[in-house]
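Each chain, letter by letter, is given below.
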Amino acid sequence: MSVNWNIHLFAGLSERFGQATLSLTLEKATLTVLELKQEFMSRYPAHASLLSVSFMACNQAYAVDDQTIQVEDELALLPPVSGGEEQIIDLAASTAEQPKYVVTAEPLSVDAVTALVIVPNNGAALTFTGTTREWTHGARTVRLEYEAYVPMAVKTLEQIGSEITERWPGALCAIAHRIGLVDIAEISVVIAVSAPHRDACYEASRYAIERLKQIVPIWKKEIWEDGSEWKGHQQGPWNPTTPQL
């Protein structure tokens, strides 16, 4: 009996295939991640190189090649990065109602995100703000476009927060990231960290941005005056299943 395997696509993959979901009819309802990727590569040889370096997500978690997956699982192929319904958060709401980890199409407020980590027991707070720069390697950027696998992106942002709390006891973290079009000098990401002492605060802030680039399924398209390109994190091969930094 044949079954239909459905795979969600994002960023450069969905653009390459011209659709947000791929469907493949196979005889098996259980495969390994590698077996399913090989099936797709055999059906779409023109895109095999991109498919081979993409990662599989199973039920909103990264899946390694030898992991067994089922046809009823929620599956997604994630192209190399810099990720239900989208979790769009109003950052103008009161801080008591705000989660600490959000992905939003709305402009970001540095003050609002920072306020989420200010507590009496922490004497140091640090906020990292990422903005769209105009010139990169001699090319003039007109604007950026961000896309995310939103529910999984939020989960991995929460994971980063948990890792920070474990590594630096007492530290708190809040992260907000934009999706959609982000113009020159606009804010694309805000990472706020607080800790009892400043040395832990500096270390945790650096860890948060590097870990975000390593595991969070958010993609960036650089749009120039004469073209565009989806960009990864530009730090070498992307492997979100590798151990923590």
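Residues numbered from 1 in each chain as written. Predicted model: local features only at pLDDT ≥ 70, side-chain atom pairs only at ≥ 80, totals over all residues. Heavy atoms only, no water.

A. How the structure looks around the sheet that holds strand S4 (residues 55–58). In space, the five strands of this open sheet follow the order S2-S1-S7-S4-S5, with mixed pairing throughout. Among the strands making up the open sheet, the edge pair consists of strand S2 (21–26) and strand S5 (61–63). Pairwise comparison of adjacent strand axes, ignoring direction, gives a mean angle of 35° for this sheet. Sheet topology note: the strand S1 (residues 3–9)/S2 ladder contains six bridges and is antiparallel. Residue pairing for S2: Val3 is matched across the bridge by Leu26. (Pairing = 2+ DSSP bridges. Helix = DSSP H or I, 4+ residues; strand = E, 2+ residues; numbered from the N terminus. Axes fitted to C-alpha atoms, helices over the stretch in contact; angles between N-to-C directions.)

B. The sheet that holds strand S9 (residues 124–131), seen in detail. One open sheet holds the four strands; their spatial order is S8-S12-S14-S9, and the pairing between them is mixed. The open sheet terminates on both sides in strands that have one partner only, identified here as strand S8 (101–104) and S9. Adjacent strand axes in the sheet meet at a mean angle of 5° when their direction is disregarded. Relative to strand S12 (residues 172–178), S8 runs parallel, the two sharing four bridges. Bridge pairing links Val102 to Ala176 in S12. Here helix H5 (residues 150–167) sits on the sheet in contact with S8 and S12, set at roughly 150° to S8. Running over the sheet, helix H6 (residues 198–215) touches S9, S12 and strand S14 (187–195) and is turned about 145° from S14. (Contact = heavy atoms within 4.5 Å.)

C. Quick look at the confidence of the model for the chain. Per-residue pLDDT for the chain averages 86, and the proportion of residues at 70 or more is 88%. The model gives residues 83–96 a pLDDT under 50, and that stretch makes 37 contacts with residues more than four places away or in other chains. (pLDDT = per-residue confidence, 0-100.)

D. Highlighting the pattern of salt bridges. Inspection of the entire model under this criterion finds six salt bridges. With its nearest N and O atoms 2.8 Å apart, the salt bridge here joins Arg140 to Glu134. On the basis of relative accessibility, which here comes to 30%, the residue Glu134 falls in the partly exposed class. (Salt bridge = Lys/Arg side-chain N within 4 Å of Asp/Glu carboxyl O. Buried < 20%, exposed > 50% of the residue type's maximum accessible area, 1.4 Å probe, protein only.)

E. Broad picture of the packing of aromatic side chains. Considering all chains together, one arrives at five aromatic pairs under this definition. Here the aromatic rings of Phe10 and Trp219 are separated by 5.4 Å at their centres, their planes lie at 10°, and the arrangement is stacked. With respect to burial, Phe10 and Trp219 carry one shared label: buried. Seen from their ring centres, Phe40 and Tyr44 are 6.4 Å apart, and the 15° between their planes marks the pair as stacked. Among the aromatic residues, those joined into a cluster by ring pairs are Phe10, Tyr149 and Trp219. (Phe/Tyr/Trp six-rings, centres within 6.5 Å; stacked < 30°, edge-to-face > 60°.)

F. Examining the pairing of strand S15 (residues 218–224) more closely. Across the seven residues that make up S15, a large majority, six, are buried. Summarising the sheet, strand S11 (residues 139–148) and S15 pair through seven bridges and their orientation is antiparallel. Residue pairing for S15: Tyr146 is matched across the bridge by Lys220.

G. Inspection of helix H2 (residues 33–43) at higher detail. If you check which residues of H2 are buried, you get Val33, Leu36, Lys37, Phe40 and Met41. One face of H2 carries all of its buried residues, which in axial projection span an arc of 140°. (Arc of directions from axis to C-beta.)

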